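The residues making up each chain are set out below.
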Amino acid sequence: MVRNICCIGAGYVGGPSMAVIADKCLDIEVNVVDIDLKRAELWNSEDLANLPVYEPGLDSVIERCRGRNLFFSTNIAKNIEKADIIFISVNTPTKNNGVGAGQASDLKWIEECARQIAKYASGHTIIVEKSTVPVRTAQTIKTILEYHIDDLSENIPKTFSVLSNPEFLAEGSAINDLNFPDRVLIGGDEKESIEVLARIYEKWVDPSKIIRTKIWSSELSKLTANAFLAQRISSINSIAALCEKTEADIVEVVEAIGSDKRIGKNFLLSGPGFGGSCFQKDLLNLIYIAKSYGLTQVADYWQAVLDLNNWQKNRISELIVKNLFGTVSGKKIAIFGFAFKANTNDTRQSPSILICNNLITEGAKLFIYDPKVAELNISNELNSDEQKTINNNGCWIKSNDPLDACLNADAIIFLTPWDEFKSFPFNKIYKLMRKPAWIFDARNCIDIELVREIGFNVWRIGS
Ligand code: UDX
Ligand code: ADP
């Protein structure tokens, strides 16, 4: 019987997924722990608009559960000791140096968790990999834990069971994805532990949606799902570029191909390229694994998905410069949207980063407006050491007022499809701008006919 869950890592995965477990399982105490004190404090903040993760609907789940059976803290040792199940939801970014730099995932945080669990756990503990990890990571965790099996904690020997239960939530729709998942995947070697975890999900998920596999299949399925999704975006973005050359229209092409059930309509929105913490990292990881098994062609195949994504981002900044008479030096440009997608405050790997950096390098003055992204996040992404060495008067400031961002600007660039952009007062905005006034809609997110009638010069992705 599970009475106590601990989740290590209070980020975009750990926070929302544990909040929903606490919401659905009143009989279980859920403790989410993090090494980052500031983050834990923000999760405990009275002001629900200030949670470290912005997700529609998350605030009301937190309000219901926090202090009842959901707790956030930095008290790692105590909460590991109490737990029947420990979820590992720490970050696994791409390695920056050493063997596999630029491709392999850095597992040092996972290893650190395994060591802490080995040290502080008591009795029998089920350990669940929630973070996306390279296939065979469970072996690393098991190897570390094996050295501690039968250590005594208050005279009771420690035993462990390791499961893989990858999270498939997409940011921006996390609460809905967690409440109504397409499937829950549990990989493991020990049937009994798998069933303990399955029983938790069965409190709100139809049992037919719970898939049980070997642990390695579960790990590889997560990487594969993300690789397939990323591949769809690169595929459609490649066709969008072709549409722009041939007078075909990507919206019509998607409508036409999406009606084929085998292809489907979902996940075919062309844009400035995919971002987020998963796709690039997981593709790189898949490429690295394929290479390490000597599967060069497999690695090259997935590398092409990534290459096209980078090409797409550069292509967009280049065409902006070209349309603005070949130079943006000293020009004011409004950037609308910095998050990697709508309905999140996450900026990791956002296509806006490279596009903005390219424009700053060209000397543009960017006024960046995003309804949820904090200035600090933008500055962490844009103020790289490399960028600081470029002395061309290019710069950016965060704007809190979209009208102010447009005053005397030459262009507006839509990079994140926030809903509120649709209802902006484009008549008024047009009057504020320097002429010719341009709109570059890289997300197909506003009414192009309307702004064209007002007088804007318009470029839209895939048309
Ligand atoms: C993804 C997977 O969807 C999720 O299942 C997995 O667990 C984690 O990685 P996430 O990165 O949160 O989720 O967002 P997702 O909705 O997949 O979008 C990723 C990127 O692709 C975003 O930059 C988004 O704007 C872009 N995208 C998505 C498109 O350009 N077009 C689309 O049609 C869909
Ligand atoms: P994700 O999107 O995978 O959730 P995040 O970076 O948002 O990634 O969250 C991961 C969290 O894990 C961060 O808040 C980080 O501080 C935390 N973390 C990393 N290593 C440890 C550790 N050893 N113990 C506790 N928390 C950790």
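Residues numbered from 1 in each chain as written. Chains lettered and ligands numbered in written order. Predicted model: local features only at pLDDT ≥ 70, side-chain atom pairs only at ≥ 80, totals over all residues. Heavy atoms only, no water.

Asker: How should the site of ligand 2 be read in this particular structure?
Answerer: Surrounding ligand 2, one finds 17 residues, the nearest of these being Val13, Asp34, Arg39, Trp109 and Arg348. At a separation of 2.9 Å, an oxygen atom of ligand 2 approaches a polar backbone atom of Val13. Within the contact set of ligand 2, a nitrogen atom lies 3.2 Å away from a backbone nitrogen or oxygen of Ile35. Across the complex, the protein chains shield 90% of the 580 Å² of accessible surface that ligand 2 would expose by itself. At three residues, the largest contribution of residues to the shell around ligand 2 is made by helix H5 (residues 108-120). For the shell around ligand 2, the residue count by class is seven nonpolar, five polar and five charged. (Near = heavy atom within 4 Å. Polar contact = N/O pair within 3.5 Å; in protein donor to acceptor, adjacent residues only side chain to side chain. Areas by Shrake-Rupley, 256 points an atom, 1.4 Å probe, with all protein chains shown as cover. Helix = DSSP H or I, 4+ residues; strand = E, 2+ residues; numbered from the N terminus. Nonpolar A, V, L, I, M, F, W, Y, C, P; charged D, E, K, R; others polar.)

Asker: Looking at this structure, how should I read the sheet that holds strand E14 (residues 411-414)?
Answerer: In a beta sheet, neighbouring strands pair by backbone hydrogen bonds and run either parallel or antiparallel. Taking strand neighbours across the sheet as the criterion, the six strands line up as E13-E12-E11-E14-E15-E16 in an open arrangement whose pairing is parallel. Two strands in the sheet have a free side with no partner beyond their single neighbour: strand E13 (395-398) and strand E16 (457-460). Strand-to-strand twist of the sheet, defined as the mean angle between neighbouring strand axes without regard to direction, takes the value 20°. By the bridge criterion, five bridges tie strand E11 (residues 332-336) to strand E12 (residues 365-369) in an arrangement that is parallel. Paired with Phe336 across the bridge in E12 is Tyr369. (Pairing = 2+ DSSP bridges. Axes fitted to C-alpha atoms, helices over the stretch in contact; angles between N-to-C directions.)

Asker: So what exactly am I meant to see when it comes to the pairing of strand E10 (residues 210-213) here?
Answerer: Taken residue by residue, a regular strand's side chains alternate between the two faces of the sheet. Looking at chain direction, strand E9 (residues 184-188) and E10 are connected through four bridges and run parallel. Directly across from Gly187, in E10, lies its bridge partner Thr213. You can see the chain leave E9, run along helix H8 (residues 191-201) and come back into E10, and the turn it takes is right-handed. (Right-handed = clockwise from strand over helix to strand, strands pointing away.)

Asker: How should I be thinking about the site of ligand 1 in this particular structure?
Answerer: Around ligand 1 there are 19 residues in total, and Phe168, Glu171, Leu269, Lys341 and Arg443 lie nearest to it. Residue Leu169 places a main-chain N or O atom 3.1 Å away from an oxygen atom belonging to ligand 1. Gly275 places a polar main-chain atom, nitrogen or oxygen, 2.9 Å from an oxygen atom of ligand 1. Protein contacts shield 91% of the accessible area of ligand 1, which totals 660 Å² for the unbound molecule. Among the elements that line the shell around ligand 1, the one with the most residues is helix H9 (residues 215-246), at four residues. Tallied by class, residues from the shell around ligand 1 come to 12 nonpolar, two polar and five charged.

Asker: I tried to follow the pattern of salt bridges on my own but got confused; where do I start?
Answerer: Pairing between side chains becomes possible if they bear opposite charge and their charged atoms approach one another. For the structure on display, the rule yields 17 salt bridges. Among the salt bridges present, the one from Glu195 reaches Lys191, with a minimum N-O distance of 3.7 Å. A residue pair is termed a helical-turn pair when its members lie 3 or 4 positions apart in one helix, as Glu195 and Lys191 do in helix H8 at four residues. Between Arg434 and Asp410 there is a salt bridge, with its nearest N and O atoms 2.9 Å apart. Of the two residues, Arg434 sits in the loop between helix H17 (426-432) and strand E15 (438-441) while Asp410 sits in the loop between helix H16 (402-406) and E14, which places them 24 residues apart along the sequence. We classify Arg434 as partly exposed; its relative accessible area is 45%. Each of Lys191, Glu195, Glu202 and Arg212 takes part in one network of salt bridges that share partners. (Salt bridge = Lys/Arg side-chain N within 4 Å of Asp/Glu carboxyl O. Buried < 20%, exposed > 50% of the residue type's maximum accessible area, 1.4 Å probe, protein only.)

Asker: Which parts of the structure should I look at to understand unusual backbone geometry?
Answerer: Note: most peptide bonds trans; most residues except glycine with negative phi. In this chain, Lys435 is followed by Pro436 through a cis amide linkage whose omega measures -5°. Examined against the element boundaries, Pro436 turns out to sit in the loop between H17 and E15. The phi angle at Asn408 is positive, at roughly 65°, despite the residue not being glycine. Within the secondary structure, Asn408 sits in the loop between H16 and E14.

Asker: What exactly am I supposed to notice about H9 here?
Answerer: Given 3.6 residues per turn, any residue in an α-helix points the same way as the ones three and four places further on. Between its first and last C-alpha atoms H9 spans 47 Å; for 32 residues at 1.5 Å apiece the expected length is 46 Å, and the two agree. In the segment just after H9, Glu247 is the residue with positive phi, at about 65°. (Expected span 1.5 Å × (residues − 1).)

Asker: It is not clear to me how the packing of aromatic side chains should be interpreted in this structure. Could you clarify?
Answerer: Two measures describe an aromatic ring pair: the distance that separates the ring centres and the angle between the ring planes. If you walk through the whole model with that rule in mind, you get 20 aromatic pairs. Here Phe336 and Tyr369 contribute two aromatic rings whose centre-to-centre distance is 5.9 Å and whose plane-to-plane angle is 70°, an arrangement assigned as edge-to-face. On the criterion of sequence distance, the pair formed by Phe336 in strand E11 and Tyr369 in strand E12 is long-range, its members being 33 residues apart. In this pair, the class of Phe336 matches that of Tyr369, namely buried. What links up through ring pairs into an aromatic cluster is the set Phe336, Tyr369, Phe414, Phe421, Phe424, Phe426, Tyr430 and Phe456. Positioned over the ring face of Phe168 is Lys222, at 5.8 Å from the centre of the ring. The cationic tip of Lys372 hangs over the ring face of Tyr54; the distance from NZ or CZ to the ring centre is 4.4 Å. (Phe/Tyr/Trp six-rings, centres within 6.5 Å; stacked < 30°, edge-to-face > 60°. Lys NZ or Arg CZ within 6 Å of the ring centre and 35° of its normal.)

Asker: Can you help me understand the side chain of Ser317 in this one?
Answerer: Locating Ser317 in the fold gives a position in helix H12 (residues 296-323). For Ser317, a relative accessible area of 3% translates into the label buried. In terms of polar contacts, Ser317 uses its side chain to reach the side chain of Asn358, at 2.8 Å. Here Ser317 is in contact with Ile355, Asn358 and Leu359, once residues within four sequence places are set aside. (Contact = heavy atoms within 4.5 Å.)

Asker: Before we go on, may I ask you to explain the sheet that holds strand E8 (residues 159-164) in this structure?
Answerer: Strands sit in the order E3-E2-E1-E4-E5-E8-E9-E10 across an open sheet of eight strands; the sheet is mixed. The open sheet is flanked by strand E3 (70-73) and E10, the only strands paired with a single partner. In this sheet, neighbouring strand axes are inclined to one another by 25° on average, regardless of whether the strands run parallel or antiparallel. Of the pairings in the sheet, the one linking strand E1 (residues 4-8) to strand E4 (residues 85-88) comprises four bridges and is parallel in character. Note that in E4 the partner of Cys6 across the bridge is Ile86. Set on the sheet, H5 makes contact with E1, E4, strand E5 (124-129) and E8; between it and E4 the angle comes to about 165°.

Asker: Is there a simple way to think about helix H11 (residues 279-292) in this case?
Answerer: For H11, with 14 residues, the first-to-last C-alpha span of 20 Å sits near the 20 Å given by 1.5 Å per residue. Buried within H11 we find Phe279, Lys281, Asp282, Leu283, Leu284, Asn285, Leu286, Ile287, Ile289 and Ala290. Looking at the buried residues of H11, the elements they touch are H9 and H12. Just downstream of H11, Gly294 is the residue with a positive phi angle, here 80°.

Interpretation in functional terms is not warranted from these geometric data alone.
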